[in-house]
Amino acid sequence: MVRGALLIALALALQSIRVFLPLPPQVNAYFIGTLVHMMLVLSLLLNGLPTALFLAVLLPLTAFVQGQVAFPVLVPVIMVGNIIFVLLVRKWQESKKGIVLPPLVKAICMCWFGWHALKFLNLHSVPAVRVMLAAFSMPQVVTGVLGILVARGVYKRLPKEYR
């Protein structure tokens, strides 16, 4: 329980770096995105599925509060994407395809669900869709892959008694 609480606190702290560290938006998105994906994977490896799923739901809420989500209707879309990511990382954690497929499937699902959510609310104007697709496509794949690789590296370097 304590380990889970520490992982959650660390994930929230890392996600909040954007508030204190003035970086260009693209650098910020890739840097914070990689850290968030890393924490989703580390929480899964170190504390199990419940903690990782809790973070998958909590982190989009804090991103919204920090002003990083353009439309509130996209918060559940990000939650679903994170849940899909965590479940696929778990399924393929011993496989090489577990590095690329979870972020790729997450990005595809987020684009699809996001487009439909915006369309349902009649917010599917060209600029809104362009912004959403830009944030939900390649950045999710890149930061997801990097997050998995960093998390695996950190995990391997931890002493066995901490795993």
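Residues numbered from 1 in each chain as written. Predicted model: local features only at pLDDT ≥ 70, side-chain atom pairs only at ≥ 80, totals over all residues. Heavy atoms only, no water.

Moving on, we come to the side chain of Ser-43. Along the chain, the position of Ser-43 falls in helix 3 (residues 25-47). The contact partners of Ser-43, leaving out residues within four places of it in the chain, are Leu-7, Gly-48, Thr-51, Ala-52 and Leu-55. (Helix = DSSP H or I, 4+ residues; strand = E, 2+ residues; numbered from the N terminus. Contact = heavy atoms within 4.5 Å.)

Below, the discussion takes up the environment of Ala-107. The residue Ala-107 is located in helix 6 (residues 97-120) in this model. Under the relative-accessibility criterion, Ala-107 is labelled buried at 4%. Counting along the chain gives 34 residues from Ala-107 to Val-141, while the straight-line C-alpha distance between them is 6.3 Å. Ignoring any residue separated from it by four or fewer positions in sequence, one finds Ala-107 in contact with Phe-136, Ser-137, Gln-140 and Val-141. (Buried < 20%, exposed > 50% of the residue type's maximum accessible area, 1.4 Å probe, protein only.)

Turning next to the nonpolar core. Within the largest apolar cluster, 26 residues are counted, with the highest numbers of intra-cluster contacts made by Met-38, Met-39, Leu-40, Phe-85 and Val-86. Only helix 1 (2-15), helix 3, helix 4 (49-65), helix 5 (74-91) and helix 8 (138-157) provide two or more residues apiece to this core. Among the elements that take part in this core, helix 3 stands out by supplying 10 residues, more than any other. Apart from residues lying up to four places away in sequence, Leu-40 is in contact with Ala-52, Leu-55, Ala-56, Leu-59, Asn-82, Phe-85 and Val-86. Within the second largest apolar cluster, 13 residues are counted, among which are Val-69, Ile-78, Met-110 and Cys-111. (Core = buried A, V, L, I, M, F, W, Y, C linked by side-chain atoms within 4.5 Å.)

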